[in-house]
Amino acid sequence: MNDSPLVYDLSPDDLAGILVEWGEPAYRARQVLHALYRELVDEPSAMTSLPLKLRTRMEKHLRFRALVPRTSTESSDKNTRKVLFSMASGHSIEAVLMRYARRYTACISTQAGCGMGCVFCATGQMGFQRNLTSGEIVAQVLFFARALSTEGQHLTNVVVMGMGEPFHNYEATMQAIDCLGDPEGFNFGARRVTVSTVGLIPMIERFAAELRQVNLAVSLHAATDELRDQLLPVNRRYPLAPLIEACGNYVRQTGRRVSFEWALIAGVNDGADQAQALVKLVKGLTCHVNLIPLNPTSGFTGTATSQVQANAFARILAEAGVTCTIRSRRGIEIDAGCGQLAVKGDVRGRAAVTSGGETRPV
Ligand code: SAH
Ligand code: SF4
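Residues numbered from 1 in each chain as written. Chains lettered and ligands numbered in written order. Predicted model: local features only at pLDDT ≥ 70, side-chain atom pairs only at ≥ 80, totals over all residues. Heavy atoms only, no water.

## Here we look at the overall build of the protein
- In terms of helices and strands, the protein carries 11 helices and 13 strands.
- On the principal axes, the C-alpha backbone points of the protein span a range of 70 × 45 × 35 Å.
- Here the protein holds 362 residues, and 54% of them are scored as buried.
- For the protein, the proportion of contacts with a sequence separation of at least 24, taken over those separated by at least 6, is 67%.
- Within the structure as shown, the protein displays about 15,800 Å² of accessible surface, and the carbon and sulfur contribution to it stands at 50%. (Helix = DSSP H or I, 4+ residues; strand = E, 2+ residues; numbered from the N terminus. Buried < 20%, exposed > 50% of the residue type's maximum accessible area, 1.4 Å probe, protein only. Contact = heavy atoms within 4.5 Å. Areas by Shrake-Rupley, 256 points an atom, 1.4 Å probe, with all protein chains shown as cover.)

## Some details on the site of ligand 1
- Around ligand 1, the structure places 19 residues, and the nearest of them are Gly-164, Ser-196, Ser-219, His-221 and Asn-295.
- Here a nitrogen atom of ligand 1 sits 3.1 Å away from a polar atom, N or O, in the side chain of Glu-165.
- The contact in question runs from an oxygen atom of ligand 1 to an N or O atom on the side chain of His-221, over 2.5 Å.
- Considered on its own, ligand 1 offers 530 Å² of accessible surface; in the complex 96% of this is hidden by protein.
- Most atoms of ligand 1, that is more than half of them, are within 2 Å of grid points of the largest cavity. (Near = heavy atom within 4 Å. Polar contact = N/O pair within 3.5 Å; in protein donor to acceptor, adjacent residues only side chain to side chain. 1 Å grid on protein atoms, 1.4 Å probe; cavity = no way out; pocket = protein on both sides within 12 Å on 5 of 7 lines; lining within 4 Å. Sits in = over half its atoms within 2 Å of the grid points.)

## Section: the packing of helix H5 (residues 134-149) against helix H6 (residues 170-181)
- Interaxial distance between H5 and H6 falls to 8 Å at its minimum, and their mutual angle equals 45 degrees. For the element pair H5 / H6, the angle class is oblique. Seen along the crossing, H5 lies across H6 with a hand that is right-handed. Listed contacts from H6 to Ser-134, Ile-137, Val-138 and Val-141 of H5 are Ala-172, Thr-173, Gln-175, Ala-176, Cys-179 and Leu-180.
- Residue composition of the contact of H5 with H6, by class: seven nonpolar, three polar and no charged. (Axes fitted to C-alpha atoms, helices over the stretch in contact; angles between N-to-C directions. Parallel < 35°, antiparallel > 145°, perpendicular 65-115°, else oblique. Left-handed = near helix turned anticlockwise from the far one by under 90°. Nonpolar A, V, L, I, M, F, W, Y, C, P; charged D, E, K, R; others polar.)

## Some words on the site of ligand 2
- Taken together, Cys-114, Met-116, Gly-117, Cys-118, Cys-121, Gly-124, Gly-164, Glu-165 and Val-198 form the complete shell of residues around ligand 2.
- Given that more than half its atoms are within 2 Å of the pocket grid, ligand 2 belongs to the largest cavity.
- Its residues assigned to classes, the shell around ligand 2 shows five nonpolar, three polar and one charged.

## Re the environment of Tyr-100
- Its place among the elements puts Tyr-100 in strand E3 (residues 92-100).
- The exposure class of Tyr-100 is exposed, given its relative accessible area of 54%.

## Remarks on the layout of surface pockets
- Volume-wise, the largest pocket comes out at about 960 Å³.
- In terms of lining, the largest pocket is formed by 40 residues, of which the most central are Arg-103, Val-159, Met-161, Asn-290 and Arg-327.
- Sorting the residues of the lining of the largest pocket by element identifies E3, strand E4 (103-107), strand E7 (157-160), strand E8 (193-197), strand E9 (215-219), strand E10 (258-264), strand E11 (287-293) and strand E12 (324-326) as the ones contributing at least two each. (Points joined across faces, edges and corners; volume = space filled by probe spheres on them.)

## What about the packing of aromatic side chains?
- Taken as a whole, this structure holds nine aromatic pairs when the rule is applied.
- Between Phe-186 and Phe-188, the ring centres sit 5.8 Å apart and the planes meet at 20 degrees, which makes this aromatic pair stacked. Taken individually, Phe-186 and Phe-188 each receive the classification buried, so the pair is uniform in this respect.
- Geometrically, the ring pair formed by Phe-207 and Tyr-250 is stacked, given 5.8 Å between the ring centres and 20 degrees between the ring planes. One end of the pair, Phe-207, is in helix H7 (residues 201-209); the other, Tyr-250, is in helix H9 (residues 240-254), and 43 residues separate them in sequence.
- Among the aromatic residues, ring-to-ring pairing joins Phe-167, Tyr-170, Phe-207 and Tyr-250 into one connected group. (Phe/Tyr/Trp six-rings, centres within 6.5 Å; stacked < 30°, edge-to-face > 60°.)

## Looking at empty space enclosed by the protein
- Taken as a whole, this structure holds three cavities of 30 Å³ or more when the rule is applied.
- There is about 490 Å³ of room inside the largest cavity.
- What lines the largest cavity is a set of 30 residues, and nearest its centre among them are Phe-120, Cys-121, Ser-219, His-221 and Gly-339.
- Going through the elements one at a time, helix H4 (122-126), E8, E10 and E11 are the ones with two or more residues in the lining of the largest cavity.

## Considering H5
- Given a rise of 1.5 Å per residue, 16 residues ought to cover 22 Å, and the 22 Å separating the end C-alpha atoms of H5 matches this to within 8%.
- For H5, a buried count of 14 out of 16 residues is recorded, marking the element as mostly surrounded by other parts of the structure. (Expected span 1.5 Å × (residues − 1).)

## Overview of unusual backbone geometry
- Of note in the backbone geometry, Asn-187 takes a positive phi value of approximately 55 degrees without being a glycine.
- Mapped onto the elements of the fold, Asn-187 is located in the loop between H6 and E8.
- Unlike most non-glycine residues, His-221 shows phi in positive territory, near 65 degrees.
- Within the secondary structure, His-221 sits in the loop between E9 and helix H8 (225-231).

As structure tokens, this is what we get:
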């Protein structure tokens, strides 16, 4: 493995420091950043505005390939594309590009696997492998931005809802969002980014105190501790009352709303009792509830709520003044829906992607 620094892990100051040390003029760093984040160039040899000697030196001493795309799977309507990447460490991750109306949304990963153990989640079923670096998180976004630019399109949104718990890899996640937001670079405003957390209270508090423009989603899935303990083991450490209090403080501190995610599981958390308990829990809070019929995963026997039941659940919320939407089930035929990302087979990139869509090597 090439252990040179990954160029996407370097801050503008880090990069400038290296280039100055190499005897380059001060403006070089800006040229390189422009090539990386504006022109979306992914190898020094293509940075033709730079002197050949510098390109060769960068090739030798910096790493430009964070992720190697292995397979790409597209849904039959072509609106969802899942890409399996391998990393230099031998671990693999997946990321998804969704086209919807005029929006292009990248769903990206922050960890290989996840240690939070939510019972219905394919990534949770894999266990924790490792944290991604900020550069590995950034590289997923750039990969899709590059692909879209060849079609004359741009990424409009990023959701940090792929593999892993972003608040369990807080620094790298925020560093990645800051890097993508650099007005001199990729210039992707934090308002277009949503981070979803399983509910790690100390990190929600930190996130609130930092007054970021990033949107916050919290995975709730149950409105009583008894049920949430079973579905999301993290609830035993961070139960509902203090979690909702932390969300309330977030709303007060930032003036922003919080979203709650709720995967509807037939006969488990889709009844009137849970809907009413949810109303009680969040009433008065500036929030929005996203209802997602459960996506199937191999390690969990629960099934998705019917449309009728989902509507009935949504009606209870709406009648009590809690705004909510039922999210469409996109990407599930290619295992690209929420909670379905899991690297199957050999983690060194020879993984088999089983899906209903078309899989091709890339
Ligand atoms: N770790 C973070 C973000 C990644 S998961 C979190 O848990 O919030 C993104 C969303 O997908 C979360 O709301 C998660 O609870 C949900 N999810 C996980 N498995 C799912 C499944 N099988 N069906 C529907 N949603 C699921
Ligand atoms: Fe991890 Fe989120 Fe999956 Fe839970 S739902 S196991 S926190 S990725």
